[in-house]
Amino acid sequence: MNKLFHSLSGKLYGLVAFFTLAFLVLLAYQIEVLSGHLLDSKRTETKGAVEAAYNIADFYHKKALNGEISDEAAQELAKDAVRGIRYQGKEYVFVYDFNYYNVAHPVQPEKEGKDLSSTVDSTGKYYV
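Residues numbered from 1 in each chain as written. Predicted model: local features only at pLDDT ≥ 70, side-chain atom pairs only at ≥ 80, totals over all residues. Heavy atoms only, no water.

A closer look at the overall build of the chain
Worth spelling out the cut-off: Numbering of helices and strands starts at the N terminus; helices are DSSP runs of H or I of at least 4 residues and strands are runs of E of at least 2. We compute the radius of gyration over the C-alpha atoms and compare it with the globule rule, which gives 2.2 Å times the number of residues raised to the power 0.38. Type-normalised accessible area, obtained with a 1.4 Å probe on protein chains alone, sets the label of each residue: buried when under 20%, exposed when over 50%, and partly exposed for intermediate values. The contact criterion used throughout is that any non-hydrogen atoms of two residues lie within 4.5 Å.
Looking only at helices and strands, the chain has three helices and four strands in total. Listing every helix and strand of the chain by position from the N terminus yields α-α-α-β-β-β-β. Compactness check: the chain gives a C-alpha radius of gyration of 27 Å against a globular reference of 14 Å for 128 residues, more than 25% above the reference. If one aligns the C-alpha atoms of the chain with their principal axes, the spans along those axes are about 90 × 35 × 20 Å. Burial status across the chain gives 14% buried among its 128 residues. Counting contacts in the chain only where the partners sit at least 6 residues apart, residues at least 24 apart contribute 23% of the total.

Considerations on the environment of Ala52
Its place among the elements puts Ala52 in helix α2 (residues 8-65). For Ala52, a relative accessible area of 30% gives the class partly exposed. In this structure the C-alpha to C-alpha distance between Ala52 and Ile85, which are 33 residues apart in sequence, comes to 8.3 Å.

Comments concerning the packing of α2 against helix α3 (residues 71-83)
Applicable threshold: In this analysis, axes come from line fits to C-alpha atoms, helices being fitted only over the stretch in contact, and the angle between any two N-to-C directions falls in the range 0 to 180 degrees. To sort the angles, those under 35 degrees are grouped as roughly parallel, those over 145 as roughly antiparallel, those from 65 to 115 as roughly perpendicular, and the leftovers as oblique. In this scheme, a crossing is called left-handed if the near helix is turned counterclockwise away from the far one by less than a right angle; it is called right-handed if the turn is clockwise.
Where α2 contacts α3, the two axes come as close as 9 Å, and the packing angle between them is 160°. The angle between α2 and α3 falls in the class roughly antiparallel. α2 and α3 meet at a crossing whose hand is right-handed. Across the interface between the two elements, Ala53, Ile56, Ala57, Tyr60 and Ala64 from α2 touch Asp71, Ala74, Leu77, Ala78, Ala81 and Val82 from α3.

Quick look at the side chain of Arg83
Condition: N or O atoms within 3.5 Å of each other form a polar contact, as long as, within protein, one can give a hydrogen and the other can take it, and as long as residues adjacent in sequence are counted only when both atoms are side-chain atoms.
With respect to the helices and strands, Arg83 occurs in helix α3. Side-chain polar atoms of Arg83 contact the side chain of Asp80, separated by 2.5 Å. In this structure, Arg83 is in contact with Val103, Ala104, Pro106 and Glu112, ignoring residues within four places of it in sequence.

Some thoughts on the pattern of salt bridges
Pairing between side chains of opposite charge can happen when the charged atoms of each approach one another. Worth spelling out the cut-off: Any Lys or Arg side-chain nitrogen located within 4 Å of an Asp or Glu carboxyl oxygen qualifies as a salt bridge.
Going through the model one piece at a time under the given rule, you end up with six salt bridges. Lys62 is paired through a salt bridge with Asp58; the nearest N and O atoms lie 3.1 Å apart. One end of the pair, Lys62, and the other, Asp58, are both in helix α2, four residues apart, so they sit about a helical turn from each other.

The values reported here are purely geometric and, on their own, carry no functional implication.
Below is the structure:
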């Protein structure tokens, strides 16, 4: 065994093994860092869409408070605007109130006005 590492071919194989291992460790580190950056980017984009929906609701709420439009009109205008928000291509924003009632849903309008507190996903988990 000792004779193998003293030969030229043994030293070359050792170098190849070392650099292969170093490359794999570096690759694993880079994948981990990239994954973190992608997740942060997605969080930031989603947060931006949610903030946009909040700002739309706040805008129409202030118009109603100032007497420019009625509360009902403000709510309908805000719901229509929120239904139009899209991000990352097909992703969308939906709104629930504090009692688990769906207020606005652009893809499934039949859910609007319904209590969805007992709704579960395909794995049996509550998602509202």
